[in-house]
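# Descriptive analysis of the structure
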Amino acid sequence: MTNTNSLLKVLLRSPDTVSSKYQAKQLHAQILKFKPSSSTYLSTLISIYAKFNLLHDSLLLFNTLHSPPILAYKSIIRCYAAHNLLVQSLGCFVQMRASGKCPDHNVFPSVVKSCALLSDLKLGESVHGCIIRLGMDFDLYTGNALLNMYAKFQSLGKSGSQGNGMYKMFDGMSERMFCSEVSGELVHKSEKRIMSMDQNPSLNKARSVSPQINGSSEVIDRFYREIHDSYGEKAERSTTMDSVRKIFEMMPRRDVVSWNTVITGNAQNGMYEEALMMVREMGNADLKPDSFTLSSVLPIFAEYVNVSKGKEIHGYAIRNSFDEDVFIGSGLIDMYAKCSRVEDSLRVFRILPQRDAISWNSIVAGCVQNSLYDEGLRLFWQMVKAKVKPKQVSFSSILPACAQLTKLNLGKQLHGYIIRAGFDNNLFISSSLVDMYTKCGNVKVARRIFDKMEQHDMVSWTAIIMGYALHGHARDAISLFEQMEIRGVRPNYVVFMAVLTACSHAGLVDEAWKYFNSMTQNYGIAPGLEHVTAMADGLGRAGKLDEAYKLISSLDRPVGSVWSTLLAACRVHKNIELAEKVAKEIFEVDPENVGAYILLSNIYAAARRWRDASKLRLFMRDKGIKKTPACSWIEVKNKMHAFTSGDKSHPNYDKVHETLKVLLEKMEQEGYVPDTSEVFHDVEEEQKKQLLYGHSERLAIAFGIISTAAGTTIRVTKNIRVCTDCHTATKFISKIVEREIILRDNNRFHHFKGGNCSCGDYW
DNA sequence: GTAGGGTTAG
């Protein structure tokens, strides 16, 4: 019995030797047997339970103590925080203060962290006050926690009751003097804020833990008013990062964590140069950047699109064996992707020894951002297969891939998952859904999602306005744009592209000019290439070719793509003279512009100038300039079927061919006359018809007709603009087969129904 | 006590 008793003492004197939950329980039994009333023993046991994160056991024991010693409180506070029960953790801290116990330095890091995680600036400042009064601000760990807290508040855009951190509050004022003002009171005034839980509804929950705690909110309010009145003016001029800097400078000792915390704070608040300067300064302080430093710095080079600096970091990481770190891995993947070096992202991803949800998301997002949609989708499924649960970000990364590839079925499946997971109130995801549904041809559903959203930001407005624009619903787009202005949302660069696109697709030239001018006049946004392109497009379609020419010429350095818009208009309005002039401009800045060669040769062909057309073709062949092959695709039963013009490789080709033959007969009965004017080849009429007949969009539509149930909508996507004859043909087809056919080309949507197209033949 | 991934764009 004596032996057991002394063993007990040894164990309790060196609690670190207790190495398992089982041993802790054994120890518990021994205490109950020999020293049931020793609060010292019991609180040591609580600390052991807390060390193993056994919150329940610690609490049961804690509640048996009448006056828990400080060690018991500290253990519970830390254990709550470890379980992310921040309010409870803070509640326990309040209870400890109320019981008159003086906290020691190792409680504060977790208390400060809880304030940071709760984004409760007022509470954090109060805790800071308490720390200063107790002289704990010289503790390294506490100081680091404070740095982190204020840096987080800064990135949340929080400015406190004083407009800045606690140090500012004490700035220029003798700390001692301030404390003596409140001497004689049991606790410092600012601490009363912590004790008064009336103002913080989340803290009221903590009452269940500490029911005996109460405080007067009136006193606290007065306290804050006083502080605010005397320091408010100064406060407005400074930021929370100033407090971070100040704390940092006042720390008697700084370690890598201190440096990293401030560097990260600067990096996340857009103060890139300060962050980079501090990395250099770190060396002077004899501290080497570690994996934390690097992963805070990598996003800066991603933002700066500076791949050579990013590579330097990569090299440093390899030399110091940080390259296998998951954080560095995802940072590198993201950096390379943002620098358009997605191949390097993939390489980094492939050799990562460990992958977590974020590494997966980084690579998926990286692929999608660099237009590798299929690869992005493949990796997304691989991630799911690897049993990594998709998070909210995963969906906002992958939905644009569905949108681009017109994968409506997949998009719907993901939408279902999003709803089940309760992610549908996420602003990023909702905007992606709006975009995905419009790009897959379903504006109505997109609008329903948009209307259901609790709040709209610039991106969601842009997504829906652009959606209407692409479907030719200019009036809806404009009305939404006006609603947005009324709601006080300031239009930006992108949304003007959307509204100008809407006007141009519907031929609303006057409205287009109105918005174009209002950009500079009302919002101070200089029109960019994209806006001029949209304007020129609208003017060109409306036949105002000279006006468009003048507008483009007014640009400093018009690029090929702006001129191409006008060249397309020249084709529609059969203006060869201007077309040649425009083409010359294009070839001067962009001699390899494939689209321009094709357009010009089509223009020559339409004018039956075969010699000029073939001269261009020969020139292209000599130069090795290849035409982008036309391709159309359709999703049937979750599978994509792609067709190129004249393509006979599809397993159902015979049936497709047969269907087209039957359709052609019916179409001709209805009055369809093939428009062969744009077939550039100098061949016989009959052969031209054959060429038209094999156009990729027709193959895809025919396949849609035979492989889907009668009456269902057919959705086809084409990589380049739909040709004039196919447009006419599809109108006939929609009437004959009594189907709605939605054709998306690289420019806009066409909804064919009952022999008509939503674009009103204006495109 | 410190770190990484997201939406709109002819």
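Within an unreviewed UniProt entry, the label attached to chain A reads DYW domain-containing protein, and the organism entered is Manihot esculenta. Under the heading Sequence similarities (unreviewed entry), UniProt records this for chain A: "Belongs to the PPR family. PCMP-H subfamily."

A few words now on the nonpolar core. In this structure, Phe 93 and Leu 566 are the most contacted members of the largest nonpolar core, which totals 185 residues. The dominant element in this core, judged by the number of residues it contributes, is helix α9 (residues 140–155), at eight residues. Apart from the residues within four sequence positions on either side, Leu 566 is in contact with Leu 545, Ala 548, Tyr 549, Ile 552 and Val 582.

Here we take up the side chain of Ser 397. The topology assignment puts Ser 397 in helix α24 (residues 392–405). The buried category is assigned to Ser 397, whose relative accessible area is 13%. A polar contact of 2.8 Å, which involves the side chain of Ser 397, links it to the backbone oxygen of Val 393. In contact with Ser 397, not counting residues within four places along its chain, are Val 364, Ala 365 and Val 368.

Our next topic: helix α38 (residues 653–670). Here α38 contains 18 residues, and its C-alpha end-to-end distance of 25 Å stays within 8% of the 26 Å for a straight helix at 1.5 Å per residue. Every buried residue of α38 is listed here: Tyr 653, Val 656, Thr 659, Leu 660, Leu 663 and Met 667. One side of α38 holds all its buried residues, which, seen down the axis, span an arc of 115 degrees. With respect to the buried face of α38, the exposed residues turned more than 90 degrees away are Asp 654, Lys 655 and Gln 669. Tucked into the core, α38 has its buried residues touching α39 (685–693), α40 (696–707) and α41 (724–736). Where α38 terminates, the next one or two residues include Gly 671, which has phi positive at roughly 110 degrees.

Those residues carrying the UniProt feature "repeat: PPR" (unreviewed entry) are residues 255–289, 356–390, 457–491 and 492–527 in this numbering. Spanning residues 356–390, this segment combines 74% helix with 0% strand, and its end C-alpha atoms are found 11 Å apart. Along residues 492–527, the helical share is 81% and the strand share 0%, with 11 Å between the first and last C-alpha atoms.

Around DNA strand B there are 49 residues in total, and Asn 144, Asp 255, Gln 268, Asn 361 and Lys 439 lie nearest to it. Counting only atoms of DNA strand B within 4 Å of the protein, the fraction found in sugar and phosphate groups is 43%. Tyr 141 has a polar side-chain atom sitting 3.3 Å from a base oxygen of DNA strand B. A distance of 2.8 Å is found between a base nitrogen of DNA strand B and a side-chain nitrogen or oxygen belonging to Asn 426. Residue composition of the surface near DNA strand B, by class: 16 nonpolar, 23 polar and ten charged.

Moving on to the side chain of Ser 431. Secondary-structure assignment places Ser 431 in helix α26 (residues 427–439). Judged by relative accessible area, Ser 431 falls into the buried class, the value being 6%. What Ser 431 contacts, discounting residues up to four positions off in sequence, is Met 453, Asp 457, Val 459, Ser 460 and Ala 463.

All right, on to the packing of aromatic side chains then. The tally for this structure, following the rule as stated, stands at 21 aromatic pairs. With 5.2 Å between their ring centres and 70 degrees between their planes, Phe 450 and Trp 461 make a pair best called edge-to-face. In this pair, Phe 450 sits in helix α27 (residues 443–452) while Trp 461 sits in helix α28 (residues 458–470), placing the two residues eleven residues apart along the sequence. A residue is classified by how much of its surface remains accessible, and Phe 450, at 2% relative accessible area, is buried.

As a further point, take the packing of helix α3 (residues 39–51) against helix α5 (residues 70–82). The contact between α3 and α5 brings their axes to 8 Å, and the two run at 15 degrees. Put simply, α3 runs roughly parallel to α5. As α3 packs across α5, the resulting crossing turns out to be left-handed. Contact with α3, carried on its side by Ser 43, Thr 44, Ile 46, Ser 47 and Ala 50, involves Leu 71, Ala 72, Ser 75, Ile 76 and Cys 79 of α5 and no other residues of that element. Of the residues in the contact of α3 with α5, the class split is six nonpolar, four polar and no charged.

Parameters at a glance
Residues numbered from 1 in each chain as written. Chains lettered and ligands numbered in written order. Predicted model: local features only at pLDDT ≥ 70, side-chain atom pairs only at ≥ 80, totals over all residues. Heavy atoms only, no water. UniProt positions renumbered as here; feature names shortened; annotations may be inferred. Core = buried A, V, L, I, M, F, W, Y, C linked by side-chain atoms within 4.5 Å. Buried < 20%, exposed > 50% of the residue type's maximum accessible area, 1.4 Å probe, protein only. Helix = DSSP H or I, 4+ residues; strand = E, 2+ residues; numbered from the N terminus. Contact = heavy atoms within 4.5 Å. Polar contact = N/O pair within 3.5 Å; in protein donor to acceptor, adjacent residues only side chain to side chain. Expected span 1.5 Å × (residues − 1). Arc of directions from axis to C-beta. Near = heavy atom within 4 Å. Nonpolar A, V, L, I, M, F, W, Y, C, P; charged D, E, K, R; others polar. Phe/Tyr/Trp six-rings, centres within 6.5 Å; stacked < 30°, edge-to-face > 60°. Axes fitted to C-alpha atoms, helices over the stretch in contact; angles between N-to-C directions. Parallel < 35°, antiparallel > 145°, perpendicular 65-115°, else oblique. Left-handed = near helix turned anticlockwise from the far one by under 90°.

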